[in-house]
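Topology and contacts: notes
So the chains spell out like this:
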Amino acid sequence: MLSASYAARNARLPALVARSASTWANVKMVTEAFKADANPSKMNLGVGAYRDDNGKPYVLSCVRKAEGILMDKALDKEYLGITGLPTFTSAAARLAYGEDSHVLGEKRVAVTQSISGTGALRIGGEFLARWYPHAKRIYLPTPSWGNHTPIMRDSGLEVHAYRYFDKSTNGLDIEGMLADLKDAPERSIILLHACAHNPTGVDPTPEQWKAIHEVVDAKGHFAFFDMAYQGFASGDPQKDAFALRHFVSEGAIAGEGRLCLAQSFAKNIGLYGERVGTFSIVGADAEEAKRVESQLKILIRPMYSNPPMHGARIVSTVLNTPELNEEWLGEVKTMADRIITMRERLFNHLVDDFNSKLDWSHITSQIGMFCFTGLRPEEVDRLKSEFAVYLTRDGRISIAGISSGNVEYLAKAIHEVTKDRA
């Protein structure tokens, strides 16, 4: 027979279970809440992929043509080598570093295909954790892409931060950034967004990049570039590669093998689901690059053995076929120009049509897919509850979610929730 004390204890269990069931009650699901919203004017500004002006996913014409070429060739499906498709990796390297890059001409770049930009970052983090001869310490901008921290931490690097975004101006805190890079211990690893900084959309000017380079060079830091938006930021792949190429061509960074690059083709060729990217390291000479490539193969082999083929073939065909390459340059500019146009129209509606007294100049000075609006958490909450406009509570919006048909509605909603701001 059960004791009275045992029965009394168990009598309380349902209440305890009921209390513990509320542990995750405050977990928010932006996308799911958006889908369930019945408001016909609802907007999802959290999406991280390009959409056309009708709000639909966009497959580039050059991609469709490349797929047709590949289909006609009836190619096999054999394994690629560990470092991927050579015609792809060489074309990707030329796009990033430049057709006339001296480090490419001197065969000083070790490059491997990766599982898009995320995989490139992980390969880089793992390689540096194993082989970087100095402190395994990496500095990320504040804020940075949310996945940067777990990727680098899980790779075995010690993650730190440097100042980047200035909330008071919604722009770059260049003085704070330079001060933090100067204060970082010598030979630290510095992660830099090459263009279209995610999530802020705030990029340094060419002159500011030169100042950043001077500090990184002087301190002996290692520059780790993440370039996920080449061409998609400004519409010009050459312009968007300025920072990377300046770091390679000036000072002692490239000559001392203090630079690597994570490169993605998700955004600029629209191959989100194909997972196409590269990771590359600049060596001091060709022999060093060969040794680095050998160790990259050893690292990758137990990680995923070898990369997928189809997406790499598509990019290779686009970049290596002159007429398709020209078509891609036009299409990536079209995508970038649509984003730029939506920024301009949102700004104009706020200032000209709704006479907002707030400073919205950062909407047009920022660049790329994302914009840090400066909206406060309580204002974001009102946008969702009163206007069915969904975004993250830090005020970041994806410009790709804005179209000709809803930009004025968004401007009106933003004005309504900010017009009484003190």
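Before going into details, it helps to say that this report is about the structure given with it. Keep in mind that what you see is a predicted model, and the values were worked out from it rather than measured.

1. Remarks on helix H4 (residues 61-73)
Between its terminal C-alpha atoms H4 stretches 19 Å, which fits the 18 Å expected from 13 residues at 1.5 Å a residue. Within the span of H4, buried status applies to Cys-62, Val-63, Ala-66 and Leu-70. Considered in projection along H4, the buried side chains sweep an arc of 100 degrees and stay on one side of the axis. Facing away from the buried surface of H4 by more than 90 degrees, the exposed residues are Arg-64, Met-71 and Asp-72. Buried residues along H4 sit in contact with helix H14 (310-320) and helix H15 (322-353).

2. Digging into the pattern of salt bridges
Taken as a whole, this structure holds 21 salt bridges when the rule is applied. Taking the shortest distance from any N to any O, the salt bridge between Asp-53 and Arg-338 comes out at 3.2 Å. Taken together, the residues Asp-53 in the loop between strand E1 (43-44) and H4 and Arg-338 in helix H15 connect sequence positions 285 residues apart. By relative accessible area, which is 31% here, Asp-53 ends up partly exposed. Of the charged contacts in the structure, one is a salt bridge between Glu-207 and Lys-210, with a shortest N-O distance of 3.3 Å. Taken together, the positions of Glu-207 and Lys-210, both in helix H10 (residues 206-218) and three residues apart, correspond to about one turn of that helix. For Glu-207, a relative accessible area of 55% translates into the label exposed. Overlapping salt bridges bring together Asp-217, Glu-256 and Arg-258 as one network.

3. Side note on the nonpolar core
Counting 60 residues, the largest nonpolar core has Phe-265, Trp-328, Leu-346, Leu-383, Val-389 and Ile-402 as its most contacted members. Those elements that place two or more of their residues in this core are H4, helix H5 (86-97), H14, H15, strand E11 (370-372), helix H17 (377-387) and helix H18 (407-418). If you tally residues by element for this core, the top one is H15, at eight residues. Those residues in contact with Ile-402 that lie beyond four places of it in its chain are Met-43, Leu-45, Arg-338, Met-342, Leu-346, Ile-397, Val-407 and Leu-410. In terms of nonpolar packing, the next biggest core, distinct from the first, is built from 36 residues, Ala-93, Tyr-164, Ile-174 and Val-282 among them.

4. Some details on the state of the cysteines
Per the stated rule, a full pass over the model turns up zero disulfides. Looking at Cys-195, it has no disulfide partner, and the nearest cysteine sulfur is the one in Cys-260, 16 Å off.

5. Section: the sheet that holds strand E9 (residues 259-264)
The seven strands are arranged E2-E10-E9-E8-E7-E3-E4 in an open sheet whose pairing can be described as mixed. In the strand order of this sheet, the two ends are held by strand E2 (109-115) and strand E4 (158-163), each with one partner. Geometrically, the sheet is characterised by an average inter-axis angle of 25 degrees between neighbouring strands, direction not taken into account. As defined by bridge partners, E2 adjoins strand E10 (residues 276-282) across seven bridges and the pair is classed as antiparallel. Bridge pairing in E10 links Gln-113 to Thr-278.

6. Some thoughts on the packing of H17 against H18
Where H17 contacts H18, the two axes come as close as 9 Å, and the packing angle between them is 125 degrees. Between H17 and H18, the crossing angle belongs to the class labelled oblique. Every pair of crossing elements has a handedness; the one defined by H17 and H18 is right-handed. For the pair H17 and H18, the contacting residues are Glu-379, Arg-382, Leu-383 and Phe-387 in the first and Tyr-409, Ala-413, Ile-414, Glu-416, Val-417 and Thr-418 in the second. Looking at the contact of H17 with H18 residue by residue, the classes come out as six nonpolar, one polar and three charged.

7. Overview of the packing of helix H7 (residues 116-131) against helix H8 (residues 148-155)
Their axes nearest at 8 Å, the elements H7 and H8 cross at an angle of 35 degrees. Note that H7 runs across H8; the crossing there is right-handed. The residues of H8 that touch H7, namely those facing Thr-118, Leu-121, Arg-122, Gly-125, Glu-126 and Ala-129, are His-148, Ile-151, Met-152, Asp-154 and Ser-155. Of the residues contributing to the contact of H7 with H8, the split by class is four nonpolar, four polar and three charged.

8. Quick notes on the pairing of strand E3 (residues 137-142)
For E3, the buried fraction is high: five of the six residues fall into the buried class. By the bridge criterion, six bridges tie E3 to E4 in an arrangement that is parallel. Within E4, the position partnered with Thr-142 by the bridge is Arg-163. Chirality of the crossover, the property in question, places the unit of E3, H8 and E4 among those that are right-handed. Bridge analysis of E3 against strand E7 (residues 189-193) gives two bridges, and the strand direction is parallel. Residue Ile-138 lies in a different strand from E7, and its bridge partner there is Ile-189.

The rules behind the values
Within each chain, residue numbers correspond to sequence positions counted from 1 in written order. This being a predicted model, a pLDDT of at least 70 is required before a residue's local features are given, and a value of 80 or more before pairs of side-chain atoms are given or counted; all residues contribute to the totals for chains, interfaces and linings. The side-chain figures draw on all heavy atoms in the structure; neither hydrogens nor water molecules are used. Every helix listed is a DSSP run of H or I at least four residues long, and every strand listed is a run of E at least two residues long, numbered separately from the N terminus. Take the number of residues in a helix, subtract one, and multiply by 1.5 Å to get its expected span. Working definition: with a 1.4 Å probe on protein chains only, accessible area under 20% of the residue-type maximum means buried, over 50% means exposed, and in between means partly exposed. Think of the arc as the fan of directions from the helix axis to the C-beta atoms. In what follows, a contact means two residues having at least one pair of non-hydrogen atoms within 4.5 Å. Think of a salt bridge as a Lys or Arg side-chain nitrogen and an Asp or Glu carboxyl oxygen that are within 4 Å of each other. Take the buried residues of types Ala, Val, Leu, Ile, Met, Phe, Trp, Tyr and Cys, join any two whose side-chain atoms come within 4.5 Å, and each joined set is a nonpolar core. Count a disulfide wherever a pair of cysteine sulfur atoms falls within 2.5 Å. A pair of strands counts as paired when DSSP detects no fewer than two bridges linking them. In this analysis, axes come from line fits to C-alpha atoms, helices being fitted only over the stretch in contact, and the angle between any two N-to-C directions falls in the range 0 to 180 degrees. An angle counts as roughly parallel when it lies under 35 degrees, as roughly antiparallel when it exceeds 145, as roughly perpendicular when it falls between 65 and 115, and as oblique in every other case. Note on convention: near helix rotated counterclockwise from far helix by under a right angle means a left-handed crossing. Clockwise means right-handed. In this classification, the charged set is Asp, Glu, Lys and Arg, the nonpolar set is Ala, Val, Leu, Ile, Met, Phe, Trp, Tyr, Cys and Pro, and all remaining amino acids, among them Gly, are polar. Think of it like this: strands point away, you trace from the first strand over the helix to the second, and a clockwise trace means the crossover is right-handed.

Shape descriptors only; they carry no functional weight alone.
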